Number of protein chains: 2
Amino acid sequence: MELTNTTLSDFRAVMALIDAGTFRGAAERLGLSPSALSRQITGLETRLGVRLFDRDTRNVHTTASGEAFGRVARRMLYTVEDGMAEFEAYVSSRQGRLTIAGLPSVTAGLLPRLIGAFSVEHPGIDLRILDALSGSVLEAVESGIADLGFAAGTVSTRSRMHFEPLFDDEFVAIGHPDGPLAENRGYAWAEILEMPIIAMAEGTSVRELIDGACLRHGTSLSPRFEVAHLATAGALVSAALGVTALPTMTLPVLNMASLIQRPITDFGAKRRIGLVRRTGRTLSPPAAAFTELVKRSRLVR
Amino acid sequence: MELTNTTLSDFRAVMALIDAGTFRGAAERLGLSPSALSRQITGLETRLGVRLFDRDTRNVHTTASGEAFGRVARRMLYTVEDGMAEFEAYVSSRQGRLTIAGLPSVTAGLLPRLIGAFSVEHPGIDLRILDALSGSVLEAVESGIADLGFAAGTVSTRSRMHFEPLFDDEFVAIGHPDGPLAENRGYAWAEILEMPIIAMAEGTSVRELIDGACLRHGTSLSPRFEVAHLATAGALVSAALGVTALPTMTLPVLNMASLIQRPITDFGAKRRIGLVRRTGRTLSPPAAAFTELVKRSRLVR
DNA sequence: AACAAAAGTGCACTTCACGCAACAACGACT
DNA sequence: AGTCGTTGTTGCGTGAAGTGCACTTTTGTT
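Residues numbered from 1 in each chain as written. Chains lettered and ligands numbered in written order. Predicted model: local features only at pLDDT ≥ 70, side-chain atom pairs only at ≥ 80, totals over all residues. Heavy atoms only, no water.

J.: Would you mind showing me how to read the protein's contact with DNA strand D here?
T.: In the vicinity of DNA strand D lie 19 residues, with F23, R39, R55 and R58 of chain A together with T57 of chain B positioned nearest. Near the protein, meaning within 4 Å, the atoms of DNA strand D are sugar or phosphate in a fraction of 58%, with bases accounting for the rest. The side chain of R39 of chain B places a nitrogen or oxygen atom 2.9 Å from a base oxygen of DNA strand D. When residues of the surface near DNA strand D are traced back to their parent elements, those giving at least two are α2 (23–30) and α3 (34–48) of chain A together with α3 (34–48) of chain B. Across the surface near DNA strand D, the residue classes break down as 4 nonpolar, 8 polar and 7 charged. (Near = heavy atom within 4 Å. Polar contact = N/O pair within 3.5 Å; in protein donor to acceptor, adjacent residues only side chain to side chain. Helix = DSSP H or I, 4+ residues; strand = E, 2+ residues; numbered from the N terminus. Nonpolar A, V, L, I, M, F, W, Y, C, P; charged D, E, K, R; others polar.)

Quick look at the structure:
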């Protein structure tokens, strides 16, 4: 009994013949000639070593073995149908899973709107958000844990991954209403450096950007506090312990009620936010759909 | 997306490539050349409109879509494997169902030994016994309710079905020890007709045979009692109400403790017991196996 | 920098499947 | 009972699909 050579068309042929009851009808349903179907059934019976249909030139009767095979065939075709439908649903992003890594500022400030829109368009997709520091975002995407990542477009980012810039996130100075930024005007970066600075911890993209700006200005940063979380920085500023410089994107995370923001006139450094993905790797359909959505939503300001 | 043309070899190819990680290894496992596999994967990807593997000349990486397809493919191949194993088990009579119709005398006297042996050889097969009158046996087999039937080989039987004779069941006279058959010798049929006869109801094969014998002897039967069931006949004889003539095969059904049996010297009619099955219909594998067992058990006496 | 290994491609060949036409057998209708 | 129509099967030719071999290209390694 040669089972391995059995193909899906064999199953389809048997099913059609069982349902139609005649070779002619079954062949028509399958879209081929009666002779072709006859050969196929004969060949299958030969390979199986079992007669599936008792037939003469006038009648066709399914044997017990034929019915047994038909049950198997029906299950098989259902499985194929279901499987392909499932795959098609996956490809067309109707179901699946999408993991997005992002800097905390992005996940908090930008992602809510995006994933809101996405989950409306693709309700069947399980969304996972990974908020991590800059390095972890790249790591997550590179290792495949995350499909996409939102990160700042630093040099290291662009070399390891494909980076698609979305918009520039400008730095503003944040201070207490009664603090050194009380005057409602733009401040120069040199001015700010004179104030007590609350800086983000090293390893964050914000800190990386600020360090780079200092380098270009030929100055150096001497922070009064270093904090790991944006909210902490906000709290410290609210307590009038100092000022800080943050990208505007991060502001929604903070409670701005008791804070004021001022432009930095000559800071120059912008945080270029973009979408990272592995180079040379095809995006999963949900990831591609999400990328499409992001582009469509015109974040560029 | 062309889903319908997807074939089992596509699933096998994807599975092999996922598992092996290289075209070369996968091709070897599939028993074909790397180029053929390359074309197959490319063709599948084209039909699906989705890239399943990211590959350069050196590395092969499964995409998210490829893994999704792989999950579907694995399920598919398991289903095929299971299904074919199930069918193979059915064909080789390791599982399935077998319905045997038989005359009450046969089912009671002969079948127990046979189905005992059969269920030892084929423990996975569900056995159903249909004990019915002669006509019902044929009906059950003809309609497909029963796969096989044990019946007496009358003319009508042979014309409608394929009849395979197994053995001849001879008639003996049954009486009460104190009745007219008290003498331990053979009795002529004419003698017995003089005694009070307990006959089986019309429609039973026993009655059919006896009527035939009377016809040949130029006599006629005038039964004192007519009963539908063998056990009833036996009970009547036990009560010394008369004598009866029955095939030896039926005797195990009766309680012979208070009965005696005597040869009928010139009765001449034997009941030819045989296996009936539909003409022109292939037997189900369990039925074929059972037939084989019956032939092997050499019932011919 | 050169080599080796692996995937992709052009080309020729085989094999498989298909349709058409002829054939055989069975059933129905007169 | 004879005839005709229908239905499954088979012989044959054709076309497409698949396969292997040889070669190219690219990439990782020594």
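J.: When you look at the protein's contact with DNA strand C in this model, what are you seeing that I'm missing?
T.: What surrounds DNA strand C is a group of 19 residues, the closest being S33 of chain A together with F23, S38, R39 and R55 of chain B. Looking at the surface near DNA strand C, the elements that each hand over two or more residues are α3 of chain A together with α2 (23–30) and α3 of chain B. Its residues assigned to classes, the surface near DNA strand C shows 4 nonpolar, 7 polar and 8 charged.

J.: Which parts of the structure should I look at to understand the interface of chain A and chain B?
T.: Size of an interface, as often reported, equals the accessible area lost when the parts are brought together. The partner chain B presents 36 residues to the 37 residues of chain A that form the contact. Between chain A and chain B, roughly 3200 Å² of surface is buried when both sides are summed, and carbon and sulfur atoms account for 69% of that area. Among the residues of chain A in contact with chain B, M84, F87 and T282 of chain A are the three that bury the most area, contributing 19% of the side total. The interface formed by chain A and chain B includes 2 salt bridges. In this structure, R75 of chain B engages E86 of chain A in a salt bridge whose closest nitrogen and oxygen atoms are separated by 3.2 Å. (Contact = heavy atoms within 4.5 Å. Buried area = accessible area lost by both parts, 1.4 Å probe. Salt bridge = Lys/Arg side-chain N within 4 Å of Asp/Glu carboxyl O.)

J.: Looking at this model, I keep getting lost on the packing of aromatic side chains. Mind explaining?
T.: The description of an aromatic ring pair rests on the distance of the ring centres and on the angle between the ring planes. Inspection of the entire model under this criterion finds 8 aromatic pairs over all chains. Plain terms: the ring middles of F69 of chain A and F87 of chain B are 5.0 Å apart, the flat faces sit at 80° to each other, and that makes the pair edge-to-face. Remark: F87 of chain B occurs in helix α4 (residues 64–91) and F69 of chain A occurs in helix α4 (residues 64–91); the pair is interchain, linking two chains. Of the two residues, F69 of chain A and F87 of chain B, neither departs from the other in class, the shared state being buried. With a centroid separation of 5.5 Å and 25° between ring planes, the pair formed by F11 of chain B and F69 of chain B is classed as stacked. With F11 of chain B in helix α1 (residues 8–20) and F69 of chain B in helix α4, this residue pair connects regions lying 58 residues apart in the sequence. Here F11 of chain B falls in the buried class, since its relative accessible area comes to 0%. Taken together, the ring pairs in this structure connect F11 and F69 of chain A together with F87 of chain B into an aromatic cluster. (Phe/Tyr/Trp six-rings, centres within 6.5 Å; stacked < 30°, edge-to-face > 60°. Buried < 20%, exposed > 50% of the residue type's maximum accessible area, 1.4 Å probe, protein only.)

J.: Please explain the relation of the copies chain A and chain B as it appears in this structure.
T.: Between the two copies of the chain lies a rotation about an axis combined with a shift along it. Of the transformation superimposing chain A on chain B, the axial component is 0.0 Å and the angular component is 180°, with the fit at an RMSD of 0.1 Å. Overall, the copies show the geometry of a two-fold rotation axis. Mapped onto chain B, 97% of the interface residues of chain A are again interface residues, and the two copies thus contact each other with one and the same surface. (Least-squares fit on C-alpha atoms with pLDDT ≥ 70 in both.)

J.: What should I look at first to understand the packing of helix α6 (residues 111–121) of chain B against helix α12 (residues 285–296) of chain B in this one?
T.: The description of two packed helices rests on the angle between their axes and on the distance between the axes. Residue and element names in this part refer to chain B. Closest axis-to-axis distance for the α6/α12 pair is 10 Å, and the angle between their directions is 120°. Classified by the interaxial angle, the pair formed by α6 and α12 is oblique. For the pair α6 and α12, the crossing hand works out as right-handed. Here α6 contributes L111, L114, I115, A117, F118 and E121 to the contact with α12, which in turn contributes P286, A289, F290, L293, V294 and R296. (Axes fitted to C-alpha atoms, helices over the stretch in contact; angles between N-to-C directions. Parallel < 35°, antiparallel > 145°, perpendicular 65-115°, else oblique. Left-handed = near helix turned anticlockwise from the far one by under 90°.)

J.: What is the right way to look at the side chain of T6 of chain B in this model?
T.: With respect to the helices and strands, the residue T6 of chain B is situated in the segment before α1. A relative accessible area of 3% means that T6 of chain B is categorised as buried. Residues in contact with T6 of chain B, not counting those within four places in the same chain, are L8, R12 and M84 of chain A together with F11, L44, R47 and F69 of chain B.

J.: Could you clarify how one ought to interpret the pairing of strand β5 (residues 148–152) of chain B in this entry?
T.: For a regular strand, side-chain orientation follows a simple rule: the groups alternate between the two sheet faces. Residue and element names in this part refer to chain B. Summarising burial for β5: 5 of the 5 residues are buried, a large majority. Both faces of β5 are covered, namely the face carrying L148, F150 and A152 and the face carrying G149 and A151. Both strand β3 (residues 96–102) and β5 contribute to a ladder of 3 bridges, which runs parallel. When the sheet's bridge partners are listed, I100 is paired in β5 with L148. (Pairing = 2+ DSSP bridges.)

J.: Quick question: what am I supposed to make of empty space enclosed by the protein here?
T.: Over the atoms, a rolled probe matching the size of one water molecule traces out where space is still vacant. All names here are of chain B. By the definition in use, this model includes 2 cavities of 30 Å³ or more. The calculated volume of the largest cavity comes to roughly 50 Å³. W189, I192, I197, I198, A199, M200, V206, I210, L221, T244 and A245 together form the lining of the largest cavity. The set of elements that each furnish at least two residues to the lining of the largest cavity consists of α9 (189–194), β7 (198–200), α10 (205–217) and β9 (244–247). (1 Å grid on protein atoms, 1.4 Å probe; cavity = no way out; pocket = protein on both sides within 12 Å on 5 of 7 lines; lining within 4 Å. Points joined across faces, edges and corners; volume = space filled by probe spheres on them.)

J.: I tried to follow the domain arrangement of chain A on my own but got confused; where do I start?
T.: Along its sequence, chain A is carved into domain 1 (8–89), domain 2 (94–168 + 272–296) and domain 3 (171–269). Taking only C-alpha atoms into account, the centre of domain 1 of chain A sits 47 Å from that of domain 2 of chain A. (Domains from an automatic or database assignment.)

J.: Whenever I open this one, the environment of S143 of chain B confuses me. Can you help?
T.: Within the secondary structure, S143 of chain B is located in helix α7 (residues 134–143). In this structure S143 of chain B comes out as partly exposed when scored by relative accessible area, which is 49%.

J.: Hey, could you run me through α4 of chain B in this one?
T.: Residues that lie three or four places apart on an α-helix share one face, since the helix turns once every 3.6 residues. The first and last C-alpha atoms of α4 of chain B sit 40 Å apart over 28 residues, in line with the 40 Å expected at 1.5 Å per residue. Note on α4 of chain B: the residue one or two positions beyond its end, S93 of chain B, has a positive phi of about 60°. (Expected span 1.5 Å × (residues − 1).)

J.: Teacher, can you tell me more about unusual backbone geometry here?
T.: Negative phi values dominate among residues other than glycine, just as trans dominates among peptide bonds. Residue and element names in this part refer to chain A. Within the chain, A240 stands out as a residue other than glycine whose phi angle is a positive 65°. By the element assignment, A240 lies in the loop between α11 (230–238) and β9 (244–247). The class of A240 is partly exposed, set by a relative accessible area of 48%.

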